[in-house]
Amino acid sequence: MANGTGTSGGWRGMNGAQRRVALLLGGGFLIVLAVVMAANATSMVSDFAAAGIPMTPAHVWLLEASSILIWLLLIPVIWWLVGRLWRLAWPWWTLAVIVVAATVPLSLVHVAGMVAIRKGVYALQGEVYRFTVGSGIDPWIYEYRKDVATILQFVGLAALGRWLIARAATPAEAPPRTLSVADGAVVHLIPADEIESVSAAGNYVELSWRGRTMLHRATLSAVEAELGETFVRIHRGRLVRRDAIRRIETEKSGDFAVELASGATLRGSRRYRPAD
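What counts as what
Residues numbered from 1 in each chain as written. Predicted model: local features only at pLDDT ≥ 70, side-chain atom pairs only at ≥ 80, totals over all residues. Heavy atoms only, no water. Pairing = 2+ DSSP bridges. Helix = DSSP H or I, 4+ residues; strand = E, 2+ residues; numbered from the N terminus. Axes fitted to C-alpha atoms, helices over the stretch in contact; angles between N-to-C directions. Patch = residues over 30% accessible without salt bridge, like charges linked within 9 Å, V, L, I, M, F, W, Y side chains within 5 Å. Areas by Shrake-Rupley, 256 points an atom, 1.4 Å probe, with all protein chains shown as cover. Salt bridge = Lys/Arg side-chain N within 4 Å of Asp/Glu carboxyl O. Parallel < 35°, antiparallel > 145°, perpendicular 65-115°, else oblique. Left-handed = near helix turned anticlockwise from the far one by under 90°. Contact = heavy atoms within 4.5 Å. Nonpolar A, V, L, I, M, F, W, Y, C, P; charged D, E, K, R; others polar. Core = buried A, V, L, I, M, F, W, Y, C linked by side-chain atoms within 4.5 Å. Buried < 20%, exposed > 50% of the residue type's maximum accessible area, 1.4 Å probe, protein only.

A. Region of interest: the sheet that holds strand E9 (residues 256-260). Read from one edge of the open sheet, three strands run E8-E9-E10, paired in antiparallel fashion. Two strands bound the open sheet, and with one partner strand each, they are strand E8 (245-250) and strand E10 (265-268). Pairwise comparison of adjacent strand axes, ignoring direction, gives a mean angle of 25° for this sheet. Inspection of the sheet shows E9 paired to E10 by four bridges, in the antiparallel sense. Within E10, the residue paired with alanine 257 across the bridge is arginine 267.

B. Quick look at a nonpolar patch on the surface. A grouping of Trp92, Trp93 and Val97 is seen on the molecular surface, where their side chains present a nonpolar patch of about 430 Å² in accessible area. Here tryptophan 92 is to be found in helix H3 (residues 92-124).

C. Structural context of the packing of helix H1 (residues 16-51) against helix H4 (residues 139-169). Close contact between H1 and H4 brings their axes to 8 Å; oriented N to C, the two are set at 155°. In this view, H1 runs roughly antiparallel relative to H4, as classed from their interaxial angle. Relative to H4, H1 is oriented so that their crossing is right-handed. Along the contact surface, H1 presents Ala17, Gln18, Val21, Ala22, Leu25, Phe29 and Leu33, while H4 presents Phe154, Leu157, Gly161, Leu164, Ile165, Ala166, Ala168 and Ala169. Per-class residue counts for the contact of H1 with H4 are 13 nonpolar, two polar and no charged.

D. Structural detail: the sheet that holds strand E5 (residues 212-216). Strand order across the open sheet formed by five strands is E5-E4-E3-E7-E6, with antiparallel pairing between neighbours. Taken across any chain shown, the strands that pair with only one partner, and hence form the sheet edges, are E5 and strand E6 (231-235). Within this sheet the neighbouring strands show an average axis-to-axis angle of 25°, counted without direction. With six bridges connecting them, strand E3 (residues 195-201) and strand E4 (residues 204-209) associate as antiparallel partners. Bridging from a neighbouring strand, alanine 200 pairs with valine 205 of E4. Packing against the sheet, helix H5 (residues 220-227) makes contact with E3, E4, E5, E6 and strand E7 (238-241), and its axis sits at approximately 155° to E3.

E. Looking closely at the nonpolar core. Counting 28 residues, the largest nonpolar core has Ile78, Val82, Leu106, Val115, Tyr129 and Val155 as its most contacted members. At the level of secondary structure, the elements contributing two or more residues to this core comprise H1, helix H2 (57-86), H3 and H4. Here this core gets eleven residues from one element, more than from any other, and that element is H2. Not counting residues within four places of it along the chain, the set of residues in contact with leucine 106 comprises Leu74, Val77, Ile78 and Ile151. By size, the runner-up hydrophobic cluster in this structure holds 16 residues, among which are Leu179, Val181, Leu220 and Leu239.

Below is the structure:
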């Protein structure tokens with residue numbers, strides 16, 4: 001986790017792509033969590049039956065569901081914690097210490113919450129739930145050892161999720177537009193942002209590129225469509241790149257002269273005077 005593009009704006013601060021990524025990640029996480037809960041519960045039912053321990057399937061599902069429910073309540077806290085650390089330009093080991101320290105209160109809340117749920121459900125059934133483990137170890141320590149691995153997994157998933165959402169905030173850069181121009185046996189791929197002007201020349205057009213003139217077999221209209229809005233027509237037979245224009249001098253007739261970055265001056269017709 002390091003300082004970079006974050007998602008501090010929340011759901012409202014996300015664009016459409018970020019929201020789709022967030023929904024996909026959230027939905028996938030819930031599906032995986034449900035599958036894990038079902039797998040654990042069915043395995044525990046089989047294990048208890050094989051060991052001769054009197055535990056009904058309903059009680060086993062209560063054990064798993066109570067744990068999952070508290071984890072679901074803690075996920076937003078872990079997401080928030082990762083978001084705060086995400087924006088800090090601290091050494092990685094400092095962030096790791098903070099995460100490890102956070103496992104203690106997170107585990108305490110998890111264990112206390114699931115025990116409270118179990119005690120409440122048992123009481124409604126006229127039974128008593130005892131928070132113990134068969135190994136003789138303190139049950140809080142026993143649960144903490146398991147919770148640490150789970151919390152670290154959730155932290156890793158939250159970091160991955162934030163990274164994916166942050167990536168969706170920045171659209172991929174479009175490849176530079178180029179014009180393929182044959183020059184004998186050589187084909188030049190001329191970047192559009194290096195072409196200063198284009199002029200009609202019969203069945204060809206003349207491209208002003210890096211101080212030289214290149215002939216390209218195409219119509220001016222076809223080249224105009226290919227180059228897009230970065231070029232503007234200043235005359236029936238002439239295009240110029242918008243950001244190459246340095247000065248426009250208008251004459252009394254309405255015609256004008258365009259001075260380009262290279263120092264070249266081109267004539268323009270009042271019929272094609274650019275608006276900007």
